[in-house]
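# Structural overview for review
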Amino acid sequence: MVRLSVNVNKIATLRNARGGNVPDLLQAVRDIEVFGAQGITIHPRPDERHIRYRDARDLKSVVGTELNIEGNPIPAFVDLVLEVAPDQVTLVPDAPDAITSNAGWDTVRHRDFLQEVIGKFRDAGIRTSIFVDPDPQMARAAAETGTDRIELYTESYATHYGTDPEAAVKPFRETAEAAASVGLGVNAGHDLNLDNIAFFARQVPHLLEVSIGHALICESLYLGLENVIGMYKNRLS
Ligand SMILES: CC(=O)[C@@H](O)[C@H](O)COP(=O)(O)O
Ligand SMILES: NCC(=O)COP(=O)(O)O
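The rules behind each value
- Residues numbered from 1 in each chain as written.
- Chains lettered and ligands numbered in written order.
- Predicted model: local features only at pLDDT ≥ 70, side-chain atom pairs only at ≥ 80, totals over all residues.
- Heavy atoms only, no water.
- UniProt positions renumbered as here; feature names shortened; annotations may be inferred.
- Near = heavy atom within 4 Å.
- Polar contact = N/O pair within 3.5 Å; in protein donor to acceptor, adjacent residues only side chain to side chain.
- Areas by Shrake-Rupley, 256 points an atom, 1.4 Å probe, with all protein chains shown as cover.
- Nonpolar A, V, L, I, M, F, W, Y, C, P; charged D, E, K, R; others polar.
- Phe/Tyr/Trp six-rings, centres within 6.5 Å; stacked < 30°, edge-to-face > 60°.
- Helix = DSSP H or I, 4+ residues; strand = E, 2+ residues; numbered from the N terminus.
- Buried < 20%, exposed > 50% of the residue type's maximum accessible area, 1.4 Å probe, protein only.

With an unreviewed UniProt entry as reference, the chain is termed Pyridoxine 5'-phosphate synthase, source organism Robiginitalea biformata. What UniProt records for the chain under Subunit (unreviewed entry) is the sentence "Homooctamer; tetramer of dimers."

On to the site of ligand 1, then. Within the structure, ligand 1 sits among Asn7, Asn9, Lys10, His43, Arg45, His50, Glu70, Val92, Thr100, Ser101, Phe131 and His190. One nitrogen or oxygen atom from the side chain of His50 is found 2.7 Å from an oxygen atom belonging to ligand 1. Between an oxygen atom of ligand 1 and a side-chain N or O atom of Glu70, the distance comes to 2.2 Å. When isolated, ligand 1 has an accessible area of 360 Å², and the protein chains bury 91% of it. Among the residues forming the shell around ligand 1, the class breakdown is 2 nonpolar, 7 polar and 3 charged.

Turning our eyes to something else, we now look at the packing of aromatic side chains. Inspection of every chain in the model, using the stated rule, returns 7 aromatic pairs. Where Phe131 meets Tyr153, the ring centres are 4.9 Å apart and the plane angle is 45°; that geometry is what we call tilted. In this pair, Phe131 sits in strand S5 (residues 127–132) while Tyr153 sits in strand S6 (residues 149–153), placing the two residues 22 residues apart along the sequence. When its relative accessible area of 3% is taken as the criterion, Phe131 is described as buried. An aromatic cluster is defined as three or more aromatic residues linked by ring pairs; in this entry it consists of Tyr157, Tyr161, Phe172, Phe199 and Phe200.

If you want it as structure tokens, here you go:
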């Protein structure tokens, strides 16, 4: 079964809107794991617009499943991840002012940089994943960085799923096969939702984990967090 890692960035967005601690992120994470999540993902951005560096430190002792910290490996992020030592770190090449993650790594051009950063995390016993576009060449080249896994950047799948599901998923199937052929694990995320997740999980081989946040939290406004997590788990089983 593909593991569901719930990205809780948007719970932190709501909390920060009033400057207090409502909703309580730590309690929400405890509840989300009780509801069936198999991992928790956070993305502490440089401006701390939602997840704060302090949240990452606090969640280390709260998360009982797996903690996945995502981000661009700027020095402060690297130091935070080495301090917190999550189960997994996912490296994302997004700009500090990006409204959201919007590109995968060029694993050919940035091989040496990624090798250096990934080496630090592996030496600390942290599983590594790098965010890549659905491009088999990028997946094959990712193996030379020393990463354990890739994370397929699924925005293009979500965008085109409604008009041509087969065409939308094809590059992801090909990239997952390429990753497996060079010994890499396969994660996926970004803009996955209750409508598009089941087809993706059926069609993409070797998939180990999906991380889902924005849509899941929005869907929970109408359907309830416990119910929605159960719905995702059913679609992934
Ligand atoms: C890497 C990725 O696509 C998401 O994990 C990202 O963390 C979403 O970030 P926002 O919640 O800030 O849109
Ligand atoms: N890595 C993707 C993630 O954690 C959540 O992305 P989204 O579901 O908020 O688009």
